[in-house]
Amino acid sequence: MNSNYYAILMAGGIGSRFWPLSTSELPKQFHDILGTGETLIQTTYRRLKRMIPSKNILILTNAQYGELVKEQLEGVKDHQLLLEPAMRNTAPCILYASMKIKKMDPNAVLVVAPSDHWIENETKFLDDLQLCFDHCQKNDVLMTLGIKPTFPNTGFGYIQYEKSDQPIKKVEQFREKPDYQTAKSFLAQGNFLWNAGIFIWNVESVLGAFKKFQPKMYQQLEQGYQVLNTDKEDEFIERAYPELEKISIDYAIMERSENIYVLPANFDWNDLGTWGSLYQELEKDQQQNVIIGAQAKLENSHGNMVHASEEKIVVIRDLDDYIVIDRDDKLLIYPKSKEQEVKNVIDQLGNSK
């Protein structure tokens, strides 16, 4: 296991499209959504430990989830937790973590990995990650893993790459979430991938990109570089972090840089962004219903997703393609075709409701 390998595990999201299971108090990454006996963050952490020393895995999360992370990830030390005092999207937290890693190891190569993705074949994932690490160790590049699209998905951003015989492709451009016809044209062209939000680079390359394209943010955090990894770090971050611009890593550096490369992934992947995406990955009965936990009896009902506690008895008749989620004092009954609207409804209610 290479001591220069590091990971930034992103675990700060709320996952409001998974309401009512996922709330601001207990987001989806801390749930066993797949029914495997592990929460999503536990699965991701275990997967990364197969290749990266556990002490080199930094967990980025909101300050309110620090104790939750320690409860769920056995052996994680306080110095591995990067607790954001304010939500500032992905660029500031990746810059913060990268500066810490540089102080630990200026030769570090690292992966930025979301905590809540489903990956079918872990060995293929690690093989792909190794190929990216090898490339980034020798080259000044920013890399990402792209997912070969299986249908014209309008919920993902896309990566367009230059066609070549090499396994690692030069990125032409990032494309925003398209409408259906545009997504169909992307698939027809054959050189588009879904953007999975998994990034790989050496620490000097990513810090160089921040210094070039986000000089203000870089300077704001560099002022505290001397106190990073010391007992004065928390005080500095508490003061400086809320002042940083709220911006994603894609907008901040990826879409502006010239040295961007992508590896089309060889593993099956799902971002588990919605109940419908979870439905796609789970075993179905003869009527294409997915039932998690509940003692459910479904009559003349097809294509539904039912999630409730094991003691809950659920009886449904004449219902097709609905999401039925029961948790504590909350109940969601919503058509699968309109699941993207759940987030807006919950925002109106207030996520903790």
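Position labels on residues start from 1 in each chain and follow its written sequence. In keeping with the model being predicted, local features are shown solely for residues with a pLDDT of at least 70 and side-chain atom pairs are shown and tallied solely at 80 or more, while totals for entire chains, interfaces and linings include all residues. Note that water and hydrogens are dropped before the side-chain values are worked out from all heavy atoms of the structure.

**Comments concerning the domain arrangement of the protein chain**
Each domain's limits were defined by an automated method or a database of domain assignments. The domains assigned to the protein chain are domain 1 (5–270) and domain 2 (275–351). Inter-centroid distance (C-alpha atoms) of domain 1 to domain 2 is 30 Å. Contacts are assigned to residue pairs with any non-hydrogen atoms lying within 4.5 Å of each other. At the junction of the two partners, domain 1 supplies 15 residues and domain 2 supplies 18 residues. Computed with a 1.4 Å rolling probe, the buried area is the accessible surface lost when two parts are put together, summed over both parts. In total, about 1,800 Å² of surface goes out of reach between domain 1 and domain 2, with carbon and sulfur atoms giving 62% of it. Together, Arg17, Trp19 and Pro20 form the three largest contributors to the area buried by domain 1 at its contact with domain 2, with a combined 39%. For this analysis, a salt bridge means a side-chain nitrogen from Lys or Arg found within 4 Å of a carboxyl oxygen belonging to Asp or Glu. Across the contact surface, domain 1 and domain 2 share zero salt bridges. By the criterion applied in these results, polar contacts are pairs of N or O atoms within 3.5 Å in which, for protein atoms, one can donate a hydrogen and the other can accept it, and in which residues neighboring in sequence qualify only through two side-chain atoms. Across the contact surface, domain 1 and domain 2 share four residue pairs in polar contact (both at pLDDT 80 or more). Each residue receives one of three labels: charged for Asp, Glu, Lys and Arg, nonpolar for Ala, Val, Leu, Ile, Met, Phe, Trp, Tyr, Cys and Pro, and polar for the others, Gly being one of them. Residue composition of the side of domain 1 that touches domain 2, grouped by class: nine nonpolar, five polar and one charged.

**Thoughts on the UniProt feature "domain: Nucleotidyl transferase" (unreviewed entry) in the protein chain**
UniProt positions are given in the numbering used here, feature names are shortened, and annotations may be inferred rather than shown by experiment. When the UniProt feature table is mapped onto this chain numbering, "domain: Nucleotidyl transferase" (unreviewed entry) sits at residues 7–287. Helix and strand definitions here come from DSSP, where helices need a minimum of 4 consecutive H or I residues and strands a minimum of 2 consecutive E residues; each element is numbered from the N-terminal end. Segment residues 7–287 splits into 35% helix and 20% strand. End C-alpha atoms: 41 Å apart.

**Describing the pattern of salt bridges**
Inspection of the entire model under this criterion finds 17 salt bridges. Taking the shortest distance from any N to any O, the salt bridge between Glu38 and Arg46 comes out at 2.9 Å. Take Arg46: its relative accessible area is 33%, and that puts it in the partly exposed class. Note that Lys70 and Asp78 form a salt bridge whose closest N and O atoms lie 2.8 Å from each other. Under the scheme applied here, a residue whose accessible area is under 20% of the maximum for its type counts as buried, over 50% as exposed, and between as partly exposed, the area being computed with a 1.4 Å probe on protein chains only.

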